[in-house]
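If you want the building blocks of each chain, they are given just below.
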Amino acid sequence: MIKKVIIQCDGLADKEYEELNGQTPLEYARTPIIDNIIEKSEIGTVNTIPDDFFCGSYYGNLSLLGVDFSKRCMKFGPFTAKLNLEDYKDKQYAVMCQWISIEENSINDFRIDLKDVIQDISKEEIKILVELLNNLSSVKKHNAVFKIYKDHEIILLINQNNIEVDFKDTYKIEGKRISDVLPIGKNADIFKDIYVETHEVLKNHPINIKRIQEHKQQLNSLLFSEGDYYWKFDTFSKRVETEGTLITGTHFLKMLGELEGLKVICPKGATGRI
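Notes on the structure follow. The structure displayed is predicted, hence computed values, not measured ones.

Rules behind the numbers
Residues numbered from 1 in each chain as written. Predicted model: local features only at pLDDT ≥ 70, side-chain atom pairs only at ≥ 80, totals over all residues. Heavy atoms only, no water. Pairing = 2+ DSSP bridges. Helix = DSSP H or I, 4+ residues; strand = E, 2+ residues; numbered from the N terminus. Axes fitted to C-alpha atoms, helices over the stretch in contact; angles between N-to-C directions. Contact = heavy atoms within 4.5 Å. Salt bridge = Lys/Arg side-chain N within 4 Å of Asp/Glu carboxyl O. Buried < 20%, exposed > 50% of the residue type's maximum accessible area, 1.4 Å probe, protein only.

## A short note on the pairing of strand 4 (residues 144-150)
Now for step 1: The sheet contact formed by strand 4 and strand 5 (residues 153-158) spans six bridges and is antiparallel. When the bridges of strand 5 are listed, Lys150 appears paired with Glu153.
Now for step 2: Counted between consecutive antiparallel strands, the loop separating strand 4 from strand 5 contains two residues, among which Asp151 sits at a positive phi close to 55°.

Next up, the structure:
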């Protein structure tokens with residue numbers, strides 16, 4: 001029996017942290033095992049992200065697991081909904097959402113003022129904000145609902161058929177105009193309507209006013225990315241005709257392994273964080 005091991009250092013480059021003396025976690029860490037492997041290895045560069053797909057861990061890891069991207073592939077939105085929401089229905093259009101901060105220079109020139117992903121929100125605050133969003137007239141008009149799926153993260157489910165939208169790449173958005181990252185296409189008005197009303201209710205909400213007083217990033221808008229309907233694809237064992245095990249400390253890769261029909265092992269103490 002031939003056994004293969006793929007070690008995927010997903011996100012290893014990371015970024016600099018003040019608490020690590022301005023270094024990345026990799027620069028700061030003592031890495032004798034990695035150093036030893038590198039000395040015995042062939043070093044090179046490979047692009048795991050297929051053309052016309054967003055840069056990110058989802059598609060990069062699917063690529064390593066042998067997904068054929070010439071065929072239709074389930075997007076990240078329905079993947080997240082399917083594995084996190086018990087009441088998710090396959091015919092719902094699932095859209096990833098991100099809390100962002102925008103600077104309102106003029107009515108036509110909103111710029112994204114995002115120094116980092118906004119995560120310093122309590123679960124109680126998120127519940128209040130999601131209840132507020134679900135009562136917006138634009139959300140009701142388009143037969144949609146916001147759902148919390150993990151801590152501060154939310155997803156938008158739309159109960160409509162045949163939605164056609166092209167989403168922009170939201171990987172690096174700091175300083176961009178909001179008009180440059182809003183979805184386009186036949187049904188783009190859904191997201192424009194919800195975006196406009198969301199900003200109006202969030203910018204003067206007590207939670208946001210409190211954040212401003214505490215010198216935190218404003219939480220005054222939402223960004224939409226990666227929407228689609230659920231689309232089933234072959235599991236790992238069916239594609240490559242062999243069994244596999246995924247060892248990971250991250251929630252995302254645990255979900256991906258379960259979807260792929262892999263045996264998933266989560267080492268004690270492994271978190272995927274610093």
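From this point, the discussion proceeds with the structure in view.
## Regarding the sheet that holds strand 5
Paired through their backbone hydrogen bonds, the strands of a sheet run either parallel or antiparallel.
Now for step 1: One open sheet holds the four strands; their spatial order is 4-5-1-6, and the pairing between them is antiparallel. Only two strands of the sheet have a single neighbouring strand rather than two, namely strand 4 and strand 6 (221-228). Averaged over neighbouring strand pairs, the angle between their axes works out to 30° when direction is ignored.
Now for step 2: Across the face of the sheet, helix 7 (residues 189-202) comes into contact with strand 1 (93-100), strand 4, strand 5 and strand 6 while running at roughly 155° to strand 6.

## Here we look at the pattern of salt bridges
Now for step 1: By the definition in use, this model includes 10 salt bridges.
Now for step 2: One salt bridge connects Arg239 with Glu260, and the closest N-O pair in it is separated by 2.9 Å. One end of the pair, Arg239, is in helix 9 (residues 236-240); the other, Glu260, is in the loop between helix 10 (251-259) and strand 8 (263-265), with 21 residues separating them in the sequence.
Now for step 3: The shortest N-O distance in the salt bridge between Glu258 and Lys254 comes to 2.7 Å. Of this pair, Glu258 and Lys254 both sit in helix 10, four residues apart, roughly one helical turn.
Now for step 4: Judged by its relative accessible area of 31%, Lys254 falls in the partly exposed class.

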